[in-house]
Amino acid sequence: MKNSFSIFLAVLSHHFSGTKCSNEATADGDIIIGGLFPIHESVTVTVNDDGRENRTCDRFSTARLVHSLIMVHALEEINQERELGNLTLGYLILDSCGDVTTALIQTQAFMMRNTCAQQSSPPVLVVIGDYYSEISISVTGQLHLEYIPEISYGATSGFLSDKTRFPSFMRTVPQDDHQARAIAQILDHYGWTWVGVVATDSEYGRYITERLWHHATKKGICFAFVSVLPDALNDEFLEEKINSTIKSIIDNRNVSVIISFVKAYCMIDIFGKLLKYPQARGKVWLASDIWSQSPEVLSSQNYKLSDIGTIFGITLKSGNTTKFERYLDDLDENPNHHENNTFLSNFLNEHGTNSSEELKKLIYPYAVFSIELAVKAIAQAVKNLCTNRNCKRQPLQPLELRRALRKATFYMEEKSYSFDHHGDLNSGYDIILWKQTQDSLDLFYSLTLLLHYSFIIGTGFHYNINKIDGHDGDSFLSKGNVTSRCTDSCRPGYRKTSVTGQPGCCYQCEPCAENQYSNSNDSETCHPCKENYYSKNTSSVCLPRKTDFLKWGDVYLIVLLSFTSLGAVLTIVVGIIFLAHWNTPVVRSSVGPISIILLLSLMITFTSVILFGGPPNSYQCQARQVVFGLSFTLCVSCIMVKSFKIVLAFELDPVIQSVLKKLYKPYLIIAVCMAGQVVIVTMWLVHGPPYIDSEITQDNMKLMFCNEKLIPAFGAMLVYIGLLALICFGVAFKGRKLPDSYNDAKFITFAMLIYFISWIMFGPVYVNVTGKYLPAVEMIVILISCYGILFCQFFTKCYIILCKKEANTEKAFRCNIRNYSMDHKGSEDELSSNRVENPTLSEEYSVSVSSLSFS
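Residues numbered from 1 in each chain as written. Predicted model: local features only at pLDDT ≥ 70, side-chain atom pairs only at ≥ 80, totals over all residues. Heavy atoms only, no water.

Undergrad: Before we go on, may I ask you to explain the nonpolar core in this structure?
TA: In summary, soluble globular proteins display a tendency toward joint burial of nonpolar side chains. Ranked by size, the top nonpolar core spans 146 residues in total, and within it Phe-271, Trp-285 and Trp-291 carry the most contacts. Looking at this core, the element that brings in the most residues is helix α14 (residues 365–386), giving 14 residues. When residues of this core are assigned to domains, at least three map to each of domain 1 (22–174 + 321–418) and domain 2 (176–316 + 427–478). Residues in contact with Phe-271, not counting those within four places in the same chain, are Trp-285, Trp-291, Val-297, Leu-298, Tyr-303, Ile-308 and Ile-311. Counting residues in hydrophobic clusters, the runner-up holds 76 residues, among them Ile-721, Ala-776, Val-781 and Ile-800. (Core = buried A, V, L, I, M, F, W, Y, C linked by side-chain atoms within 4.5 Å. Buried < 20%, exposed > 50% of the residue type's maximum accessible area, 1.4 Å probe, protein only. Helix = DSSP H or I, 4+ residues; strand = E, 2+ residues; numbered from the N terminus. Domains from an automatic or database assignment. Contact = heavy atoms within 4.5 Å.)

Undergrad: So what exactly am I meant to see when it comes to the side chain of Thr-571 here?
TA: Among the secondary structure elements, Thr-571 is positioned in helix α18 (residues 555–580). Accessibility expressed as a relative area gives 3% for Thr-571, which makes it buried. A distance of 2.7 Å separates the side chain of Thr-571 from the backbone oxygen of Gly-567, its partner in a polar contact. Each residue touching Thr-571, except ones within four places of it in the same chain, is listed here: Leu-599, Leu-602, Met-603, Phe-606 and Leu-790. (Polar contact = N/O pair within 3.5 Å; in protein donor to acceptor, adjacent residues only side chain to side chain.)

Undergrad: Looking at this model, I keep getting lost on α18. Mind explaining?
TA: Between its terminal C-alpha atoms α18 stretches 37 Å, which fits the 38 Å expected from 26 residues at 1.5 Å a residue. All of the buried residues along α18 are Leu-557, Leu-560, Leu-561, Thr-564, Gly-567, Ala-568, Thr-571, Val-574, Gly-575, Ile-577 and Phe-578. Elements in contact with the buried residues of α18: α19 (585–589), α20 (592–610) and α26 (774–803). For α18, the side-chain oxygen to backbone nitrogen distance between the N-cap and Tyr-556 is 2.9 Å, and the N-cap itself is Asp-554. (Expected span 1.5 Å × (residues − 1).)

Undergrad: What is the right way to look at the packing of helix α25 (residues 744–768) against α26 in this model?
TA: In the contact formed by α25 and α26, the axes pass within 9 Å of each other and the chain directions differ by 175°. The angle between α25 and α26 places the two elements in the roughly antiparallel class. (Axes fitted to C-alpha atoms, helices over the stretch in contact; angles between N-to-C directions. Parallel < 35°, antiparallel > 145°, perpendicular 65-115°, else oblique.)

Undergrad: Explain the pairing of strand β29 (residues 702–707) to me, please; I cannot follow it from the model alone.
TA: For a regular strand, side-chain orientation follows a simple rule: the groups alternate between the two sheet faces. Pairing geometry for strand β27 (residues 547–548) and β29, over two bridges, is parallel. Residue pairing in the sheet places Thr-547 in a bridge with Lys-702 of β29. With six bridges joining them, strand β28 (residues 691–696) and β29 adopt antiparallel strand pairing. Residue pairing across strands places Ile-692 opposite Cys-706, the latter belonging to β29. From the end of β28 to the start of β29, which pair antiparallel, there are five residues, and Asn-700 there has a positive phi angle of about 60°. (Pairing = 2+ DSSP bridges.)

Undergrad: It is not clear to me how the sheet that holds β28 should be interpreted in this structure. Could you clarify?
TA: Strand pairing within a sheet occurs via backbone hydrogen bonds; the two strands may be parallel or antiparallel. Strands sit in the order β27-β29-β28 across an open sheet of three strands; the sheet is mixed. Among the strands making up the open sheet, the edge pair consists of β27 and β28.

Undergrad: What is the right way to read the sheet that holds strand β8 (residues 169–171) from this model?
TA: Here six strands make up an open sheet; going across it, the order is β1-β5-β2-β6-β7-β8 and the pairing mixed. In the strand order of this sheet, the two ends are held by β1 (25–27) and β8, each with one partner. Between one strand axis and the next, the sheet turns by 25° as a mean value, whatever way the strands run. Here β1 pairs with strand β5 (residues 89–95) via three bridges, running antiparallel.

Undergrad: What am I meant to see in the state of the cysteines here?
TA: Such a bond, covalent and formed between the sulfur atoms of two cysteines, is termed a disulfide. Across all of its chains, the model carries eight disulfides by this definition. Two residues share a disulfide in this structure: Cys-57 and Cys-97, whose sulfurs sit 1.9 Å from each other. Linking Cys-57 and Cys-97, the disulfide has an S-S dihedral of approximately 85° and is accordingly described as right-handed. Remark: Cys-97 occurs in the loop between β5 and α3 (100–115) and Cys-57 occurs in strand β4 (residues 53–60); sequence separation between them is 40 residues. The exposure class of Cys-97 is buried, given its relative accessible area of 0%. With no disulfide of its own, Cys-635 lies closest to Cys-786 among cysteine sulfurs, the gap being 6.6 Å. Given a relative accessible area of 0%, Cys-635 falls into the buried group. (Disulfide = S-S within 2.5 Å.)

Undergrad: How should unusual backbone geometry be read in this particular structure?
TA: Cis geometry is adopted by the peptide bond preceding Asp-130, which originates at Gly-129 and carries an omega value of -15°. Along the chain, the position of Asp-130 falls in the loop between β6 (124–129) and α4 (133–143). The phi torsion at Thr-538 lies on the positive side, around 55°, for a residue other than glycine. Structurally, Thr-538 is set in the loop between β25 (533–534) and β26 (543–544). Backbone geometry places Lys-709, a non-glycine residue, at a positive phi of 65°. Structurally, the position occupied by Lys-709 is in the loop between β29 and α24 (711–734). For Lys-709, a relative accessible area of 47% translates into the label partly exposed.

Undergrad: It is not clear to me how the confidence of the model for the protein chain should be interpreted in this structure. Could you clarify?
TA: Overall, the predicted model of the protein chain reaches an average pLDDT of 83, with 85% of residues at or above 70. For the stretch residues 1–17, pLDDT sits under 50, and the model shows 21 contacts to residues farther than four places along the chain or on other chains. Across residues 826–855, confidence stays below pLDDT 50; counting only partners more than four residues off in sequence or on other chains, it has 68 contacts. (pLDDT = per-residue confidence, 0-100.)

Undergrad: Any chance you could explain the pairing of strand β9 (residues 194–200) here in plain terms?
TA: The element β9 is largely enclosed, with a buried count of seven among its seven residues. Along β9, one buried face is formed by Trp-194, Gly-196, Val-198 and Thr-200 and the opposite face, lined by Val-195, Val-197 and Ala-199, is buried too. Pairing between β9 and strand β10 (residues 222–229): seven bridges, direction parallel. By the bridge assignment, Val-198 is partnered in β10 with Ser-227. Pairing of β9 with strand β11 (residues 257–261) involves four bridges; the strand directions are parallel. Residue pairing in the sheet places Val-197 in a bridge with Ile-259 of β11.

Undergrad: What is the right way to read the packing of aromatic side chains from this model?
TA: Here the structure, examined in full by the defined rule, presents 33 aromatic pairs. Aromatic pair Phe-324 and Tyr-327: ring centres 5.9 Å apart, planes at 20°, arrangement stacked. You can see Phe-324 and its partner Tyr-327 sitting in helix α11 (residues 322–329), three residues apart, about one turn around the helix. We classify Tyr-327 as buried; its relative accessible area is 6%. Consider the rings of Phe-714 and Tyr-766, whose centres lie 6.0 Å apart with planes at 50°: the pair is tilted. With a gap of 52 residues between them, Phe-714 in helix α24 and Tyr-766 in helix α25 connect regions that are remote in the sequence. Taking relative accessible area as the criterion, Phe-714 reaches 5% and is therefore assigned buried. On the basis of relative accessible area, Tyr-766 is assigned to the buried category, the value being 17%. Among the aromatic residues, those joined into a cluster by ring pairs are Phe-628, Phe-632, Trp-684, Phe-714, Phe-729, Tyr-755, Phe-756, Trp-759, Phe-762 and Tyr-766. The ring of Tyr-131 has Arg-64 sitting right over it, with the charged end atom 4.1 Å from the ring centre. (Phe/Tyr/Trp six-rings, centres within 6.5 Å; stacked < 30°, edge-to-face > 60°. Lys NZ or Arg CZ within 6 Å of the ring centre and 35° of its normal.)

Quick look at the structure:
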């Protein structure tokens, strides 16, 4: 099998003989570690006459050269400190030239060394690199043919976490899903919901763009445009795609934030073209780890950061660069450092004595951490394998080392690390902000730690804001109030509504209706106010709703209660007068006990008016109509009894008078009338009693009132009283022609007419009046009815008792009876005859029922 594979590699090497690169960095050792770095960023391909390709690497990258030197320094440090005892680590570093095909050709050098290895030439057990995901995906597949593990310090594509496809791949950086989630969180933190994306057409670019879209859409963030550039820097369509990207940036004026996942050289071209368009300047560029620590993006062409806008981005976790800086300082003094390193040798020859400073400017702290961590992992795995084994006599095999690497726990800066089951190492991210100082960009001064994300598996990113130059990170980044939205934010009091045919970030702001609110920007819903709260249109908060009712301090209620009190006092005064003159003809003719009951019912009716004012409660709502209904029914029943008495007294037909006398049972009549009303109110209270209710008024007040609920029952109560009053009116109207001195029937008629008029007016007014003064309508009608009865039934009698005492005698009453009888019967003999035939009636009515007139 090995012989067949050796033949295959030999044929492949011959076909690409023109691509063999003489540049390499080597060092002998017991354990050989391969290194694959994009020291050149692109390849120019030419084809010979015989069909063979010539591949020339160009676009030399000083930063990637520094990456290779970090690996060299870490290996030499382990050897110097004899961490592996008598074992030494050597290396073979090759240039991938940022190209997949070239990387695969260079990888043959590692594999052929293993296939054709002699005892004097140890095999390559592991390869550190490549930086790019696209290259790592291809290279690890080829290396896996020999089970050679690959540890990348920069390939972050999530596809490489698939151990079924890439069992030999590991890395010391987090995969891009975490970076995409971090970027989405940053965008959400600053409210940047309408952004542009520029990515490369590569495994890295496609994967991280898809993951960013996945996490961003969950936070309501939309992509205004996605520009995809060719991954190869020498692609013939690259210029066209960059021009298209510039057009997208210019056309989308609402986009102030652009996320870039492209290589540093592409960003140089993009920025160069953007400077020609003033409207495209001043953007916020969020750089991914692929170029966030590449200040040459601006410095190589002397671009001013102030012309570009703001650049900040995510970088992989940073390491301590102090030791490595000292190592670079020694390069000029110790030529052995570059004796077998043609990359470094060429660079030093070109830059002379200033070379160390040039290299130090392009130290990426994340590369120091990731590459040194990869070397630490390899050293620990070798140490674990060779502790109980002589690895010089029994050389290690790549598969052995791969297994050991997956299990190893290694240390750096007093922290322990290990690969997870995906071969990943989730070390976290730093967020850096670019600043320009003294007309130049310098790595140490322009890239300052601003925010820090630490990733913990299963919990996600934890967000912390650190101080920078005396200012907190939020205010520094938000300087100038950068907004990147498709539409302006919906203020509190409004809600977002979607627009047909537009993405979710492009919406309209619809005001919240009455009794709804939204208290945050870009609220998707207007929330209903809680009970007893209200809001007007476009409100951001609900206000407590004031309760309204007929308050005790209301002027109208005070006036009504004053009349109520006056009526009650007058009722008491009348009662006292009647009791003081109990045996006088006026009191006796008014049927004294019935009058006292009538006064008592009027007193209760006046008192019931009080129940219609103040804050309503359930007992009050039920009591006020019941008390009024029963008391006023008693009042009308007493008046009806008095009306019957008048007719009975002056009915001279013996037969009719005899029948009336049998039917006339005053207390029984009152009891029966009251029983009817008791049945009505009892049914009302049992089946649907009045209760406290509320409604919202036009001025957003909560009106508290008593709801009668069963309006038919309420109507039946009033109709029943009206029926009794109608009987009173009919009976009293029959006695309207009584002598002027016996005018009680007339006053009953007047009292009932007042009652009818007031309650007839009450109906339509009660139905149409709303608000807190509705109870006052019934109060007024009750007071009018009570005052009508009080004045018509008692004030005339009190006037006679107090002011016309000569008329309050039995002689005066008999004289009036005689005069009435003579006028209506023709002679006094008829009257005398009637008295003889009816001696009891004559005696009983010697004092008339009616009182004397004022005249």
